[in-house]
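Residue strings, one per chain:
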Amino acid sequence: MKLFKAVTLNEKQPNILMVSHGLTIRQLIKIFFQEFGCVSKVPELSDPTELLAARKFRETCLNTSWSKFVIEVSGTDYEDIKVVECHEVFNDKHLKELN
């Protein structure tokens, strides 16, 4: 399954920022865990898919929260996803610091 068009990468480990509506992010996270066997590296969260239920998602995925995934790809055009790791999910610490 391809998630992106082929691009030229000049770095060994590029950073990619994806900004989108919460529902799109929710679906992407679901694909990472259910189709690519994403592994959670978040200490307090062994199964992040629990957060994807509609009610729980609205409670945990606050506006401007962010998640971090490390994705290992291969192939001539980096089209094959080999490994997906979740390092942060719905991080909202920057919002709590405003209070």
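Conventions and cut-offs
- The numbers attached to residues start from 1 for each chain and follow its sequence in the written order.
- A pLDDT threshold of at least 70 governs which residues receive local features in this predicted model, and a stricter bar of 80 or more applies before side-chain atom pairs are shown or counted, although totals over entire chains, interfaces and linings include all residues.
- Heavy atoms from the whole structure form the basis of all side-chain values; hydrogens and water molecules are not counted.
- Secondary structure elements follow DSSP: runs of H or I no shorter than four residues count as helices, runs of E no shorter than two count as strands, and numbering proceeds from the N terminus.
- What a helix should span is 1.5 Å times the count of its residues minus one.
- Throughout, a contact is declared for two residues whenever any of their heavy atoms are within 4.5 Å.
- Strand pairing is assigned whenever DSSP detects at least two bridges linking the two strands.
- Axis geometry follows a simple rule: fit a line to the C-alpha atoms, using only the stretch in contact for helices, then measure angles between N-to-C directions, giving values from 0 to 180 degrees.
- The rule for a salt bridge is simple: a side-chain nitrogen of Lys or Arg has to be within 4 Å of a carboxyl oxygen of Asp or Glu.
- Relative accessibility under 20% of the residue-type maximum defines a buried residue, over 50% an exposed one, and the middle range a partly exposed one, all with a 1.4 Å probe and only protein chains included.

1. Quick word on helix 1 (residues 22–35)
Here comes step 1: End to end, helix 1 covers 19 Å across 14 residues, agreeing with the expected 20 Å (1.5 Å per residue, within 8%).
Here comes step 2: In the core, the buried residues of helix 1 are packed alongside strand 1 (39–40), strand 2 (66–74) and strand 3 (80–91).
Here comes step 3: Just beyond helix 1, the residue with positive phi is G37, at close to 60°.

2. Details of the sheet that holds strand 2
Here comes step 1: Ordered by their spatial adjacency, three strands build an open sheet running 1-3-2, and the pairing between neighbours is mixed. Edge strands, defined here as strands with exactly one partner in the open sheet, are strand 1 and strand 2.
Here comes step 2: One ladder, built from two bridges, connects strand 1 with strand 3; its direction is parallel. When the bridges of strand 3 are listed, S40 appears paired with C86.
Here comes step 3: Its contacts with the sheet put helix 1 on strand 1, strand 2 and strand 3, and the angle it makes with strand 2 is roughly 45°.

3. What to know about the pattern of salt bridges
Here comes step 1: Under the definition given, this model contains three salt bridges.
Here comes step 2: Across the salt bridge formed by E85 and K41, the nearest N and O atoms sit 4.0 Å from each other. Of this pair, E85 sits in strand 3 while K41 sits in the loop between strand 1 and helix 2 (54–60), placing them 44 residues apart in sequence.
Here comes step 3: On the basis of relative accessibility, which here comes to 22%, the residue E85 falls in the partly exposed class.

Coordinates in, geometry out; function isn't part of it.
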